[in-house]
Amino acid sequence: MKKTNRREALKYLALSSIAVGAGGSASFAEAVTEDYKLKGSIHHSVCPWAYNFLTLDELCQLVKKIGFNAIDLLAPKDWPVAQKYGIDSSMCYIAGKVSLTDGFNNKNFHEQLIKDYLEVIPLMAKAGYKNLICFSGSRNAMDNETGLKNCVEGLKQVLPLAEKNNVILLMELLNSKVDHKDYMCDKTAWGVELAKRIGSPNFKLLYDIYHMQIDEGDVIRTIKDNHQYIGHYHTGGVPGRHIIDETQELYYPAIMRAVVETGFTDYVAQEFVPTGTNEEKIEQLKKAIKICDV
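Read on for a plain summary of the structure. Since this is a predicted model, take the numbers as computed values, not measurements. (Residues numbered from 1 in each chain as written. Predicted model: local features only at pLDDT ≥ 70, side-chain atom pairs only at ≥ 80, totals over all residues. Heavy atoms only, no water.)

**Points about the overall build of the protein chain**
For the protein chain, the helix and strand inventory stands at 12 helices and 10 strands. Of all 294 residues assigned to the protein chain, the portion counted as buried reaches 54%. Sequence separation of at least 24 residues holds for 73% of the intrachain contacts in the protein chain that already meet a minimum separation of 6. In the structure as shown, the protein chain presents an accessible area of about 12900 Å², 51% of it carried by carbon and sulfur atoms. (Helix = DSSP H or I, 4+ residues; strand = E, 2+ residues; numbered from the N terminus. Buried < 20%, exposed > 50% of the residue type's maximum accessible area, 1.4 Å probe, protein only. Contact = heavy atoms within 4.5 Å. Areas by Shrake-Rupley, 256 points an atom, 1.4 Å probe, with all protein chains shown as cover.)

Printed below as a string of structure tokens:
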């Protein structure tokens, strides 16, 4: 990252007075909170890859100042930093290679995947974390039924330990139309069928709203009809995966109200791609949290 960008972000994160707009100034805390208190119906989180102009330490500080308490997609090496700030790892990675293409639908990858997942689950339990992401992998000309059977076979070798340690494996639904060509778990119905066959409360779906709007739409009805199989949500605007405001085709206040009405009590993580200057990107995160805070 360029030094000027780093300097800009650190300037914004400083506790001393900063310039805001054309004529005013305010402390960073005032600029972030703006006297807004989160309502508590949604547990908010954020995915760090979209804010890679900040170190994890800086992102933790920002999260605390905005007023929520979780960061998604953290590997074991990241946990000590989050713990230093009292930040929850709302979705964990394994310690080894994380691959969206080499997943549980292919038996060739089972040995390594099972090893990696069995190793991280006790570490998560010790750290007090419960959500662990997993992926179907690419089709590579595989039919849906074979993929389902292979996923069941592989995941069932991990789930007994997950159940023992109160860890939930969540398979992410990703679109195969724009971002992840050939990904197998690209429809809610496929993921739900997998969850039914596994039959464990410790296996659920990570419903990425951005991805599923692209591949199937009908987001609110799908959430209401399948909420018992969903354990986590990611956000993103369509088209372009930009901030989830009125410039995008999805109306997130209604979506979040639907999520709350299902009785959902876990995390909704912001995973849109902010644009503009680093200060503008931070403002977009604050705005997105407010939009989802129904």
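**Quick notes on the sheet that holds strand 7 (residues 168–172)**
If you walk across this open sheet you meet the six strands as 3-10-9-8-7-6, and the pairing is parallel. Of all the strands in the sheet, the pair left with one neighbour each is strand 3 (43–46) and strand 6 (131–134). For this sheet the average axis-to-axis angle between neighbouring strands, irrespective of direction, equals 30 degrees. Pairing between strand 8 (residues 203–208) and strand 9 (residues 230–234): four bridges, direction parallel. Directly across from Tyr207, in strand 9, lies its bridge partner Tyr233. (Pairing = 2+ DSSP bridges. Axes fitted to C-alpha atoms, helices over the stretch in contact; angles between N-to-C directions.)

**Points about the nonpolar core**
Ranked by size, the top nonpolar core spans 88 residues in total, and within it Leu132, Leu155, Leu169, Met171, Leu194 and Phe203 carry the most contacts. If near-sequence neighbours (up to four positions away) are discounted, Leu194 is found in contact with Leu148, Cys151, Val152, Leu155, Met171 and Phe203. (Core = buried A, V, L, I, M, F, W, Y, C linked by side-chain atoms within 4.5 Å.)

**Observations concerning the environment of Asp186**
Summarising the element assignment, Asp186 is placed in the loop between strand 7 and helix 8 (188–198). Once the C-alpha coordinates of Asp186 and Ser138 are considered, the two residues, 48 residues apart in sequence, prove to be 9.9 Å apart. With residues near it in sequence (within four places) discarded, Asp186 still touches Arg139, Leu174, Ser176, Met212 and Asp215. In this structure the side chain of Asp186 is engaged in a polar contact, spanning 2.6 Å, whose partner is the side chain of Ser176. (Polar contact = N/O pair within 3.5 Å; in protein donor to acceptor, adjacent residues only side chain to side chain.)

**Regarding the packing of helix 10 (residues 219–226) against helix 11 (residues 252–261)**
Interhelical geometry of helix 10 versus helix 11 gives an angle of 10 degrees and a closest axis separation of 10 Å. As far as their axial angle goes, helix 11 and helix 10 are roughly parallel. Residues Val219, Ile220, Ile223 and Lys224 of helix 10 pack against Ala254, Ile255, Ala258, Val259 and Glu261 of helix 11. Considered class by class, the residues forming the contact of helix 10 with helix 11 number seven nonpolar, no polar and two charged. (Parallel < 35°, antiparallel > 145°, perpendicular 65-115°, else oblique. Nonpolar A, V, L, I, M, F, W, Y, C, P; charged D, E, K, R; others polar.)

**A closer look at the packing of helix 6 (residues 144–155) against helix 8**
Where helix 6 contacts helix 8, the two axes come as close as 10 Å, and the packing angle between them is 45 degrees. One finds that helix 6 runs oblique with respect to helix 8. Viewed along their axes, helix 6 and helix 8 form a crossing whose handedness is right-handed. Residues Asn144, Glu145, Gly147, Leu148, Lys149, Cys151, Val152 and Leu155 of helix 6 form the contact with helix 8, whose participating residues are Trp190, Glu193, Leu194, Arg197 and Ile198. Looking at the contact of helix 6 with helix 8 residue by residue, the class counts come to seven nonpolar, two polar and four charged. (Left-handed = near helix turned anticlockwise from the far one by under 90°.)

**Details of the pairing of strand 8**
Burial analysis of strand 8 places five of its six residues in the buried class, the great majority of the element. The pairing of strand 7 with strand 8 spans four bridges and is classified as parallel. Looking across to strand 8, one finds that Met171 is bridged to Leu205.

**Description of helix 5 (residues 110–127)**
Given 3.6 residues per turn, any residue in an α-helix points the same way as the ones three and four places further on. Spanning 18 residues, helix 5 covers 26 Å between terminal C-alpha atoms, matching the ideal 26 Å at 1.5 Å per step. Of the residues making up helix 5, those classed as buried are His110, Leu113, Ile114, Asp116, Tyr117, Val120, Ile121 and Met124. On its buried face, helix 5 sits against helix 4 (79–84), strand 6, helix 6, helix 7 (159–164) and strand 7. Downstream of helix 5 by one or two residues, Gly128 has phi in the positive range, about 85 degrees. (Expected span 1.5 Å × (residues − 1).)

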